[in-house]
Amino acid sequence: LATVSPVVLSQDGDDPGPVVMDTINQVLSVLRDAKATEADKRSRVYVLAGDRIDFEGMSRRILAVDWKGLDQAQRTRFQDLFKQLLLDSYWVQMRKYKDEKAEYVTSIQEGDTDATVDTIIVSGTLEIPVTYRMEKVNGKWVAYDILVESLSLTSNYRNEYRNVIKSKGIDGLFARMQSQIDYVNAN
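Residues numbered from 1 in each chain as written. Predicted model: local features only at pLDDT ≥ 70, side-chain atom pairs only at ≥ 80, totals over all residues. Heavy atoms only, no water.

Asker: Please provide a residue-by-residue account of the pairing of strand β4 (residues 140–148), values included.
Answerer: Of all nine residues in β4, seven are buried; the element is thus mostly enclosed. Alignment of strand β3 (residues 126–137) against β4, held across eight bridges, turns out to be antiparallel. Its bridge partner being in β4, V137 is matched across the sheet by K140. Remark: two residues form the turn of the hairpin made by β3 and β4, two consecutive strands paired antiparallel; N138 in that turn has positive phi of roughly 50°. As judged from the two bridges shared by β4 and strand β5 (residues 151–152), these two strands associate in the antiparallel manner. Each bridged residue has a counterpart across the sheet, and for V148 the counterpart in β5 is L151. Hairpin connection from β4 to β5: two residues lie between these consecutive antiparallel strands, with E149 at a positive phi of about 50°. (Buried < 20%, exposed > 50% of the residue type's maximum accessible area, 1.4 Å probe, protein only. Helix = DSSP H or I, 4+ residues; strand = E, 2+ residues; numbered from the N terminus. Pairing = 2+ DSSP bridges.)

Asker: Just give me the short version of the packing of helix α3 (residues 55–63) against helix α5 (residues 72–94), but keep the residues and values in it.
Answerer: Remark: α3 packs on α5, axes separated minimally by 10 Å, with the N-to-C direction vectors making an angle of 105°. In terms of their interaxial angle, α3 and α5 are classed as roughly perpendicular. Residue-level contacts link F55, E56, M58, S59, I62 and L63 of α3 to F78, Q79, F82, K83, L86 and L87 of α5. A class-by-class count of the residues in the contact of α3 with α5 yields eight nonpolar, two polar and two charged. (Axes fitted to C-alpha atoms, helices over the stretch in contact; angles between N-to-C directions. Parallel < 35°, antiparallel > 145°, perpendicular 65-115°, else oblique. Contact = heavy atoms within 4.5 Å. Nonpolar A, V, L, I, M, F, W, Y, C, P; charged D, E, K, R; others polar.)

Asker: Help me get a handle on unusual backbone geometry, residues and values and all.
Answerer: Within the chain, A64 stands out as a residue other than glycine whose phi angle is a positive 45°. Of note, A64 is situated in the loop between α3 and α4 (65–68). In the Ramachandran plot, N138 falls in the positive-phi region, its phi being about 50° despite a non-glycine side chain. Of note, N138 is situated in the loop between β3 and β4.

These values are about where atoms sit, not about what they do.
As structure tokens, then:
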């Protein structure tokens, strides 16, 4: 078993921009850690992401009207599968890290609990705009949607999963998600 190094999580203030950038910089620092094993890096990144992504809020938004028809066990199962799929899928990309940088662009707060934070990930000559839709939950800024080049993660999954639920039901969706997790982890 790999040992997991402790992660220092940022303290939240009134501006979600620094929270996002601090989290991104912590992730990049973990990826740059030449002494850490891949398993250690993965564990540390998962802790950071898990602390800053509202998987329950994201799950509710993805399933939308279908969420209301699920019992608590089904909601928990979906949330657990979605979290694993999202983290595993992003890890496949992150482990290819080649000295990318993140640049803060702007943060727009809408009231006390909603915000949008725009960043750019710079990889060589490529600049990828990434937007975080945030909400303050229990005094902490968390992301409930991530847009990469203006494409909403939540909307993409909502469209895909709605079709699967219509044709195969919620258990069919669970089977598909597990199959996707297995595929990602096999490659």
